Amino acid sequence: MLRNPIARSPWAHRGLSTMPPPRPRPRVEKYLRRAGYIALFGAAGYLADREFYASTITRNLRTFWTCAIIAADYKLNFTPGKSDSISSLHERVGDRLLNLFFSNGGLYVKFGQAIGSNAALLPRPIQVKFSRLFDDAPQVPFAEVTHVFQSEFGRPPSGPDGVFAEFEEAAVASASIAQVHRARLKGEDGKPGDWVAVKIQKPAVAKQMEPDLAAFRAVMWIYEHWVFDVPTYFVVDFISEHLRQELDFVNEAQNAVRTAGFVAHDPSLADRVHIPKVYPEYSTKRVLTAEWISGVRLSDRRGILKLMGNMNTDLPSTSMTPLGSPGPVTEVAVSAQSLKGGTKWVMQTMIDLFSAQIFRWGWVHCDPHPGNIFVREHPLHPRRPQLVLLDHGLYVKLSPEFRKQYAELWKGLLAMELGTVARVARQWGIGAPDLFAASTLLRPVNFSKKADEKPAPKLSQYEASMQLKKKLKGFLIDTDKMPKELIFIGRNMRIVQGNNQMLGSPVNRVKIMGFAAADAIPSSSDLSFGKRVKERFHQGVFYTVMASIDAAFWANNTWSWITGRSSDGFEDELDRHMREIAKTQYGIDIDPAAFEA
């Protein structure tokens, strides 16, 4: 029988018995090492994303995480049993969305403003949050501005080989996608050139655009199909395409030239409105150069009131820059003598301009916020004002058919032609004619013939939210038929109303728009006798309604003057009635500050 010699060896036996077994590594040490590797690779990925991809990965992860948290919060807490805490739920969601938009910046501010322009359809706590979403942001370092110029022109902004004779390093205004610097052109024959405004796209925006739009598309699809069952995705393509156009400064320059052509060929506006001249030879997809114009921006309410002679104040005014940032810019001396026409001239000109864009030109500026409009003394006529329109990146083109339908809608609403309103609404796939009419005119409208119609009963937070969802789905019956242009036209109209309201409602906006709509409808000469009589009847109703609106306007102004409530204008009164009707008949609670931004 064979035996194992090694087993018999005492040395071997002693050595094997005294060798200690290998010690397993503690689990804590193993997990710490793995966590260190993950942190190291995560930090490297974060730095690479920030340096080479403008933080697009980080921004998208932040977006999907925030939206997932919001969806989970609603799924868990939006229930009948938690109705009393739904207001707190909306408050949390508003905070998360606002933090997301501010943290990501760039196009996300535009997304937030697109949502905020329809704030009336949002829960009240979210309305208040979005009223603070102004488009301002810190300026990028001048080294990045120089890099943009080297990339676009192959030269620095200024210097012996520079694009301009002078270029101020400090930006006069900065917003989410661009900032503005003042520069001087190179003159001829030793003479100094003109001062210009140079709008420079921030370097990160171009890298972030497509990933941001992809995230926007994904979130809207998920929210519509999986989370809220509310039509939202139908606007994505239209909004995305127009945001792409807004980031192309060559397109913006072309928009400005086209708008200037419309103004120049309109005798009623040519001398009252000015579009700053653009310099194509100094403009690219990421740099836009336009004439520098000093004036008082509309957002400077006290400055406008002083300039137009509507108040006596020693407060300084601020000039407007071509970007329209709400931040402070250089001061401008207001003429010792006020300009003619008062604030009534300002708003009359503004509404005439946008009425022409909508009903005659079919070419609509979609961002007429107070920072993009300012008033200056006419360069050729002392003491006469001139309105200047800035920021021509976002326009919508209206087809002749749409313009005709929209004009018929306005006139039909004011002449009480309910058949016309129902026909246009049906063609556009829109239900709820009362709500549709009120959202068009931005004044209370009620087609119901029931005199004893009772207001909506008091609802719980859950019931009110579900009713709002039901109303929205009933409003958008067929989103394929709905003209997407209404999104931006509605934004335009709401901002113009807010401008009128800010200045104390010096003009009757509804009357001006109503007559502009009526003038845009071509008259038919081959009508039968019966149809002609019917048309004359509706024409009489139209003028009667317009007269009654004008009487209400002057009665409100007179009463405000008698009672000393000079800060409350006709638009304030319409707003109060709109909020009351929205709450009592539709269960929609609109905060007064919902549209401040």
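Residues numbered from 1 in each chain as written. Predicted model: local features only at pLDDT ≥ 70, side-chain atom pairs only at ≥ 80, totals over all residues. Heavy atoms only, no water.

**Side note on the sheet that holds strand S11 (residues 373–377)**
Cut-off, in case you're wondering: Following DSSP output, two strands are said to pair if at least two bridges run between them. Helix and strand definitions follow DSSP, with helices as H or I runs of at least four residues and strands as E runs of at least two, each counted in order from the N terminus. What makes two residues a contact is simply this: any of their non-hydrogen atoms within 4.5 Å. Axis definition: a line fit to C-alpha positions, over the contact stretch in the case of helices; interaxial angles, taken between N-to-C directions, run 0 to 180 degrees.
Reading across the sheet, the four strands line up as S5-S12-S11-S7 and stay open at both edges, with mixed pairing between neighbours. Each having just a single partner strand, strand S5 (273–274) and strand S7 (296–297) make up the two edges of the open sheet. By the bridge criterion, two bridges tie S5 to strand S12 (residues 385–389) in an arrangement that is parallel. Looking at S12, one finds that His 274 is bridged to Val 388. Here helix H13 (residues 342–361) sits on the sheet and contacts S5, S11 and S12; the angle it forms with S12, its principal contact strand, is near 45°.

**Structural notes on the packing of aromatic side chains**
Just so we agree on the cut-off: Only the six-membered ring of Trp is used, alongside the rings of Phe and Tyr, when aromatic pairs are assigned; centres must lie within 6.5 Å, and planes under 30 degrees apart are stacked while those over 60 apart are edge-to-face, with the rest tilted. Exposed residues in this analysis have more than 50% of their type's maximum accessible area, buried residues have under 20%, and partly exposed residues fall in between, with area computed by a 1.4 Å probe over protein chains only. Cation placement over rings: the criterion is NZ of Lys or CZ of Arg within 6 Å of the ring centroid and within 35° of the ring normal.
Under the definition given, this model contains 17 aromatic pairs. Taken together, a centroid distance of 5.0 Å and an interplanar angle of 40° make the contact between Phe 78 and Tyr 462 tilted. Taken together, the residues span a long stretch of sequence, with Phe 78 in the loop between helix H4 (56–77) and helix H5 (86–104) and Tyr 462 in helix H17 (residues 461–475) at a distance of 384 residues. With a centroid separation of 5.8 Å and an interplanar angle of 25°, the aromatic rings of Phe 359 and Tyr 406 are classed as stacked. Here Phe 359 is found in helix H13, whereas its partner Tyr 406 is found in helix H14 (residues 400–414), with 47 residues between them in sequence. Of the two residues, Phe 359 and Tyr 406, both sit in the buried class. Feature note: the residues Phe 142, Phe 149, Phe 153, Phe 164, Phe 167, Tyr 279 and Tyr 282 constitute an aromatic cluster, connected by ring pairs. For Arg 182, the ring lying beneath its charged end belongs to Trp 195, and the centroid distance is 3.9 Å.

**Focus on the pairing of S11**
Buried residues dominate S11, accounting for four of its five residues. Pairing between S7 and S11: two bridges, direction antiparallel. Of the residues in S11, the one forming a bridge with Val 296 is Val 375.

**Looking at the pattern of salt bridges**
Counted only if it meets this: For this analysis, a salt bridge means a side-chain nitrogen from Lys or Arg found within 4 Å of a carboxyl oxygen belonging to Asp or Glu.
Counting across every chain of the model gives 19 salt bridges. Linking Arg 96 and Asp 73 is a salt bridge whose minimum nitrogen-to-oxygen distance equals 2.7 Å. Of this pair, Arg 96 sits in helix H5 while Asp 73 sits in helix H4, and the two are 23 residues apart along the sequence. The exposure class assigned to Arg 96 is partly exposed, which follows from its relative accessible area of 26%. Taking the relative accessible area as the measure of exposure, Asp 73 reaches 7% and is therefore buried.

**Re the nonpolar core**
Inclusion rule: Only buried residues count toward a nonpolar core, which is a set of Ala, Val, Leu, Ile, Met, Phe, Trp, Tyr and Cys residues joined through side-chain atoms within 4.5 Å.
In terms of nonpolar packing, the biggest core is built from 108 residues, with Ile 358, Phe 359, Tyr 406, Trp 410 and Trp 428 touching the most fellow members. With eleven residues, the single largest contributor to this core is H13. Listed in part, the 15 residues of the second largest apolar core include Phe 149, Phe 164, Phe 167 and Val 198.

**Considerations on the confidence of the model for the chain**
Our working definition: As a per-residue quantity, pLDDT reports the predictor's confidence and falls between 0 and 100.
Averaged over every residue, the pLDDT of the chain is 80; residues scoring 70 or more account for 78%. Here residues 313–334 is modelled with pLDDT under 50, and outside its nearest four sequence neighbours on either side it reaches 70 contacts, counting other chains as well.

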